[in-house]
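# Structural description and commentary
In case you want the letters, here they are:
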Amino acid sequence: MIALTFFAVVTLAIGLYVRFGGFKSLYLAPGIPVLMPRALQNVPIPLGITLFALLITGSDLFPDVETRRSLFDWVVIPLFLATLFLAAWPPRWLKPRWLVYLEDTYGSVMWRL
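Residues numbered from 1 in each chain as written. Predicted model: local features only at pLDDT ≥ 70, side-chain atom pairs only at ≥ 80, totals over all residues. Heavy atoms only, no water.

### A word on the side chain of T83
Where we set the bar: In this description a helix means any DSSP run of H or I spanning at least four residues, a strand means any run of E spanning at least two, and both kinds are numbered starting from the N terminus. By definition in these notes, contact holds between two residues if any of their heavy atoms fall within 4.5 Å.
By the element assignment, T83 lies in helix α3 (residues 65–88). Every residue in contact with T83, bar those within four places of it in the chain, is listed here: V43, P46, L47 and T50.

Structure representation (structure tokens):
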């Protein structure tokens with residue numbers, strides 16, 4: 001449980017650092033988004049939230065097994081699927097303005113670095 005908590009906190013911290021301007025070069029990394037560092041811009045924050053939900057589901061906060069199972073089915077699994085979706089197909093509104101400007105100006109040419 002301690003390792004999962006540590007990993008969730010570190011994942012959220014990395015996601016917030018990248019989202020608020022750290023490692024801008026990750027946004028321009030070449031390659032397939034899921035396999036290359038470009039996915040790092042969208043994955044850590046929802047993954048950290050998913051890990052916290054998994055931590056809460058597995059803890060003793062809810063003594064009833066049915067409650068834990070329903071929380072896992074209705075919270076953790078959709079959050080994990082949303083994380084995979086954001087890694088594979090990042091929405092335009094989630095990208096920073098400067099990246100949207102570069103995509104509008106140069107198109108898909110910038111991804112063939």
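Still more ground to cover, so stick around.
### A few points about α3
Here is the rule we go by: Every helix has an expected span of 1.5 Å times one less than the residues it contains. We define the bend at any residue as the angle between the axes fitted to the seven residues before and including it, ending there, and the seven starting there. For every residue, the accessible area (1.4 Å probe, protein chains only) is compared with the maximum for its type, and the residue is labelled buried under 20%, exposed over 50%, or partly exposed between those bounds.
Along its 24 residues, α3 runs 33 Å from first to last C-alpha, staying within 8% of the 34 Å computed at 1.5 Å per residue. The sharpest bend along α3 comes to roughly 35°, located at F72. Listing the buried residues of α3 in full gives V76, T83, L86 and A87. Of the surrounding secondary structure, the elements contacted by the buried residues of α3 are α2 (44–58).

### Quick word on the packing of helix α1 (residues 2–19) against α2
Geometry of a packed helix pair, given as the angle between the helix axes and the separation of the axes. How we decide: Only the stretch in contact is used when fitting a helix axis, every axis being a line fitted to C-alpha atoms; angles between N-to-C directions are given from 0 to 180 degrees. In these notes the angle categories are as follows: under 35 degrees is roughly parallel, over 145 is roughly antiparallel, 65 to 115 is roughly perpendicular, and the rest is oblique. By the definition used in this description, the sense in which the near helix is turned from the far one sets the handedness, with an anticlockwise turn below a right angle giving left-handed and a clockwise turn giving right-handed. Polarity classes work like this: nonpolar for Ala, Val, Leu, Ile, Met, Phe, Trp, Tyr, Cys and Pro, charged for Asp, Glu, Lys and Arg, and polar for all others, with Gly in that last group.
Across the interface, α1 lies against α2 with an axial gap of 7 Å and an inter-helix angle of 160°. The angle between α1 and α2 places the two elements in the roughly antiparallel class. For α1 against α2, the interelement crossing comes out left-handed. In this structure, α1 contributes L4, T5, F7, A8, V9, T11, L12, G15, L16 and R19 to the contact, and α2 contributes P44, I45, L47, G48, I49, L51, F52, L54 and L55. Of the residues that constitute the contact of α1 with α2, the class distribution is 14 nonpolar, 4 polar and 1 charged.

### With respect to the environment of P78
Here P78 lies in helix α3. Taking C-alpha positions, P78 is 8.9 Å from T50, a pair spaced 28 residues apart along the chain.

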